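If you want the building blocks of each chain, they are given just below.
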2 protein chains.
Amino acid sequence: MPPEPATPAAAVRIVLVEPSHPGNIGAAARAMKTMGFDELVLVRPERFPDPQAQWRAAGAEDVVDSARVVDDLDEAIADCGWVVGTSARARRVPWPVETAEQFAARLADEGLGGRPAAILFGRETSGLSNEELNRCNLHVVIPAHPDYSSLNLAMAVQVVCYELHKPMADAESHERRPESHWDRRLASAREMDGFYRHLEEVLVAIDFHDPEAPRQTLTRLRRLFNRVRADATEVAILRGVLKHVEQAIQRNP
Amino acid sequence: MPPEPATPAAAVRIVLVEPSHPGNIGAAARAMKTMGFDELVLVRPERFPDPQAQWRAAGAEDVVDSARVVDDLDEAIADCGWVVGTSARARRVPWPVETAEQFAARLADEGLGGRPAAILFGRETSGLSNEELNRCNLHVVIPAHPDYSSLNLAMAVQVVCYELHKPMADAESHERRPESHWDRRLASAREMDGFYRHLEEVLVAIDFHDPEAPRQTLTRLRRLFNRVRADATEVAILRGVLKHVEQAIQRNP
């Protein structure tokens, strides 16, 4: 039994079964690498190696160069725990089916059990055969539009690798979620109150706002600025604008 | 006011800014169509139309054929409510950032506000410029591996369209969600542009903003107001405030 892989990424193997176009092999390699995967196995590729594969890899040539070519699906999956077949169509023999997202969540949850997981992608034209699909523990589908659900081979690799990577990215970046990328702290309610008082004074000074007949204008402006969750610098800029308005009016009395 | 789109899919517009490779245009069209989207706008494509675009479309030639070519980003987004920029890098001026999945959930939740949503994808080599990113309400990122996060252009379109489609696929069997609780339609990109021009004039008039030394103030204000997703009434109120400031200054010359 091989040792437990250090990271899940190191234990996901992408298997392309009889790909016809070398360009798709390169594009699949690039798609894998963008999501941190690098183990590519090719079962009876029609043309490989091929300059088209190198060209489309565009920075992921290392994944192409280290791709393993095998004659037989068995060789590609023999040491694997999970064997998962991607499939666009419903098949004659019903099989356990999950979406790519559900399978990614399951893998993140259950782990790999100490063995690589193989994800099989079929031929550009005809996908995986029934015999090949029957070798799988699970079939994975990519939800697509019913009128035209034919993803390009490398696109399908991209979406599946993206879903497999997502739970890892979530786990890695808890401390740097988009919210906390902000460079300034949010304005406090007290700072916002000061801004609203200042805003009302200026609106009165420019004859925009009549405190006796407010007509909801101030409420609408308050709703607007409350919605935006301004940071402290932004409130300082807005206060600066209000101050300059007051000075411009007073300069010309 | 344009009629409310019949389906969310009909109101998502994919905008490719200066794509160099026609093959990527075709591959993007195919990626869109697999997820039920068909509105493609090309800003200054290097080569289009081109047989490569047709060839890579592989069944999505209709999306390629109906693609609209424009000279200017403004033309592509003028009527849009949401303008969303895809970006791989962190930028100097932080902007609201969400993952593709978060944005898809938000769109499913909040609805489109009666206007199309434009998703901008930048050049193959350099992405969107800072100026283009500043035009956006929101930046969307695709979580990728930090060592090699360079998704091919069409791959990025695939992943974003896949995420946008997912909630629709989930919801298809359920009742349709209410589009939005908001009482007014969102301001369009054109209306926001008019507001920003007006704002800049007033900031100059009150000596707050020196166009020769902008010091990012206008960018920060743009970011603030882009973030808030103002409705048309709110923009009218803000324009009214600006007008009253101008009158108050002129009244006392």
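It should be emphasised that the depicted structure is a prediction, and the values quoted were computed from it without experimental measurement.

A.B. asks: I keep staring at helix α9 (residues 217-228) of chain A and nothing clicks. Help me out?
C.D. replies: Given 3.6 residues per helical turn, the α-helix brings residues three or four places apart onto the same face. For α9 of chain A, spanning 12 residues, the distance from its first C-alpha to its last is 17 Å, which sits close to the expected 16 Å at 1.5 Å a residue. Of the residues making up α9 of chain A, those classed as buried are T217, L218, R220, L221, L224, F225 and V228 of chain A. Buried residues of α9 of chain A, seen end-on, are gathered within an arc of 160 degrees and therefore sit on one face of the element. In the core, the buried residues of α9 of chain A are packed alongside α8 (189-205) and α10 (232-251) of chain A together with α9 (217-228) and α10 (232-251) of chain B. Looking one or two residues beyond α9 of chain A, the residue adopting positive phi is R229 of chain A, at roughly 50 degrees.

A.B. asks: Looking at this structure, I do not really get the sheet that holds strand β1 (residues 12-17) of chain B. What am I missing?
C.D. replies: Pairing between the strands of a sheet is mediated by backbone hydrogen bonds and can be parallel or antiparallel. All names here are of chain B. Pairing in this open sheet of seven strands is parallel, and the strands run β3-β2-β1-β6-β4-β7-β5 from one edge to the other. Both edges of this open sheet fall to β3 (68-70) and β5 (97-99), since each of them pairs with a single strand only. Neighbour-to-neighbour, the strand axes of this sheet turn through a mean angle of 30 degrees, independent of strand direction. With three bridges joining them, strand β2 (residues 39-43) and β3 adopt parallel strand pairing. Paired with V43 across the bridge in β3 is V70. Its contacts with the sheet put helix α5 (residues 100-110) on β4 (82-86), β5, β6 (117-121) and β7 (138-141), and the angle it makes with β5 is roughly 95 degrees.

A.B. asks: Help me understand the interface of chain B and chain A, please; the structure alone is not making it clear to me.
C.D. replies: As a measure of interface size, the accessible area lost when the parts come together is often cited. Contacts between the two partners involve 69 residues from chain B, matched on the other side by 66 residues from chain A. Buried area between chain B and chain A, both sides added, is near 5800 Å², and the carbon and sulfur share of it is 64%. Here chain B is connected to chain A by seven salt bridges. A salt bridge links K166 of chain B to E101 of chain A; its shortest N-O distance comes to 3.3 Å.

A.B. asks: When you look at the pattern of salt bridges in this model, what are you seeing that I'm missing?
C.D. replies: Note that side chains of opposite charge can pair when their charged atoms are close. Applying the stated criterion across every chain yields a total of 30 salt bridges over all chains. Linking E98 of chain A and R106 of chain A is a salt bridge whose minimum nitrogen-to-oxygen distance equals 2.3 Å. Via salt bridges that share partners, E101, E163 and K166 of chain A together with E101, E163 and K166 of chain B belong to a single interconnected network.

A.B. asks: Got a minute to help me understand the packing of aromatic side chains in this structure?
C.D. replies: If you walk through the whole model with that rule in mind, you get eight aromatic pairs over all chains. Taking the centre distance of 5.4 Å and the plane angle of 80 degrees together, the rings of W82 of chain A and F103 of chain A count as edge-to-face. Taken together, the residues span a long stretch of sequence, with W82 of chain A in strand β4 (residues 82-86) and F103 of chain A in helix α5 (residues 100-110) at a distance of 21 residues. Overall, W82 of chain A belongs to the buried group, its relative accessible area being 16%. The class of F103 of chain A is buried, set by a relative accessible area of 2%. Between the aromatic rings of F195 of chain A and Y196 of chain A, the centroid separation amounts to 5.5 Å while the plane-to-plane angle is 45 degrees, which identifies the pairing as tilted. Pairwise contacts between aromatic rings join F195, Y196 and F225 of chain A together with F195, Y196 and F225 of chain B into one cluster. The ring of Y196 of chain A has R222 of chain A sitting right over it, with the charged end atom 4.3 Å from the ring centre. The aromatic ring of W82 of chain B is capped on one face by R229 of chain B, whose charged end is 4.0 Å from the ring centroid.

A.B. asks: How should the sheet that holds strand β2 (residues 39-43) of chain A be read in this particular structure?
C.D. replies: Residue and element names in this part refer to chain A. The strand order across the open sheet built from seven strands is β3-β2-β1-β6-β4-β7-β5, with neighbouring strands paired in parallel fashion. Looking along the sheet, the strands with just one partner apiece sit at the ends: β3 (68-70) and β5 (97-99). Neighbouring strand axes in the sheet, compared pairwise and without regard to direction, differ in orientation by 30 degrees on average. With four bridges connecting them, β4 and strand β6 (residues 117-121) associate as parallel partners. Within β6, the position partnered with G85 by the bridge is L120. Running at roughly 155 degrees to β2, helix α1 (residues 22-34) makes contact with β1 (12-17) and β2 of the sheet.

A.B. asks: In this structure, what is going on with the pairing of β6 of chain A? I would like to understand it.
C.D. replies: Sheet faces and side chains relate simply in a regular strand, where the side chains alternate between the two faces. Counting buried positions along β6 of chain A gives five out of five residues, so the element sits mostly inside the fold. Side chains A117, I119 and F121 of chain A of β6 of chain A all project onto a buried face; the interleaved residues A118 and L120 of chain A project onto the opposite face, where all are buried too.

A.B. asks: How do you make sense of the packing of α10 of chain A against α9 of chain B when you look at a structure like this?
C.D. replies: Any two packed helices are characterised by how steeply their axes cross, that is the angle between the axes, and by the distance between the axes. At a minimum axis separation of 10 Å, α10 of chain A and α9 of chain B run at an interaxial angle of 110 degrees. Considering the angle they form, α10 of chain A stands roughly perpendicular to α9 of chain B. Pair α10 of chain A / α9 of chain B crosses with left-handed handedness. Facing T233, E234, I237 and L238 of chain A of α10 of chain A, the residues of α9 of chain B in contact are T217, R220, L221, R223, L224 and R227 of chain B. For the contact of α10 of chain A with α9 of chain B, the class distribution of residues is four nonpolar, two polar and four charged.

A.B. asks: Which parts of the structure should I look at to understand the nonpolar core?
C.D. replies: I14, L16 and L40 of chain A together with I14, L16 and L40 of chain B are the most contacted members of the largest nonpolar core, which totals 91 residues. When near neighbours in sequence (up to four residues on either side) are disregarded, I14 of chain A contacts M32, E39, L40, V41, I119, F121, V157 and C161 of chain A. Residues L203 and V241 of chain A together with I206 and V228 of chain B belong to the second largest nonpolar core, which totals 45 residues.

A.B. asks: Explain the confidence of the model for chain A to me, please; I cannot follow it from the model alone.
C.D. replies: Where the model shows low pLDDT, its predicted coordinates should not be examined in detail. Residues and elements named next belong to chain A. Mean pLDDT over chain A works out to 85, with 87% of the residues at or above the 70 mark. With pLDDT under 50 throughout, residues 174-181 is counted as low confidence; its partners more than four residues away or in other chains account for eight contacts. The ipTM, which scores confidence in the relative placement of chains, is 0.81 for this predicted complex, and the corresponding pTM is 0.83.

A.B. asks: Would you take a moment to explain the pairing of β1 of chain B for this structure?
C.D. replies: Residues and elements named next belong to chain B. Along β1, six of the six residues are buried, which leaves the element largely enclosed by surrounding structure. Neither face of β1 is exposed, since V12, I14 and L16 on one face and R13, V15 and V17 on the opposite face are all buried. Pairing of β1 with β6, which is carried by five bridges, proceeds in the parallel orientation. When the sheet's bridge partners are listed, V15 is paired in β6 with L120. Where β1 meets β2, five bridges bridge the pair, whose relative direction is parallel. Bridging across to β2, I14 finds its partner in L40.

Analysis parameters
Residues numbered from 1 in each chain as written. Chains lettered and ligands numbered in written order. Predicted model: local features only at pLDDT ≥ 70, side-chain atom pairs only at ≥ 80, totals over all residues. Heavy atoms only, no water. Helix = DSSP H or I, 4+ residues; strand = E, 2+ residues; numbered from the N terminus. Expected span 1.5 Å × (residues − 1). Buried < 20%, exposed > 50% of the residue type's maximum accessible area, 1.4 Å probe, protein only. Arc of directions from axis to C-beta. Contact = heavy atoms within 4.5 Å. Pairing = 2+ DSSP bridges. Axes fitted to C-alpha atoms, helices over the stretch in contact; angles between N-to-C directions. Buried area = accessible area lost by both parts, 1.4 Å probe. Salt bridge = Lys/Arg side-chain N within 4 Å of Asp/Glu carboxyl O. Phe/Tyr/Trp six-rings, centres within 6.5 Å; stacked < 30°, edge-to-face > 60°. Lys NZ or Arg CZ within 6 Å of the ring centre and 35° of its normal. Parallel < 35°, antiparallel > 145°, perpendicular 65-115°, else oblique. Left-handed = near helix turned anticlockwise from the far one by under 90°. Nonpolar A, V, L, I, M, F, W, Y, C, P; charged D, E, K, R; others polar. Core = buried A, V, L, I, M, F, W, Y, C linked by side-chain atoms within 4.5 Å. pLDDT = per-residue confidence, 0-100.

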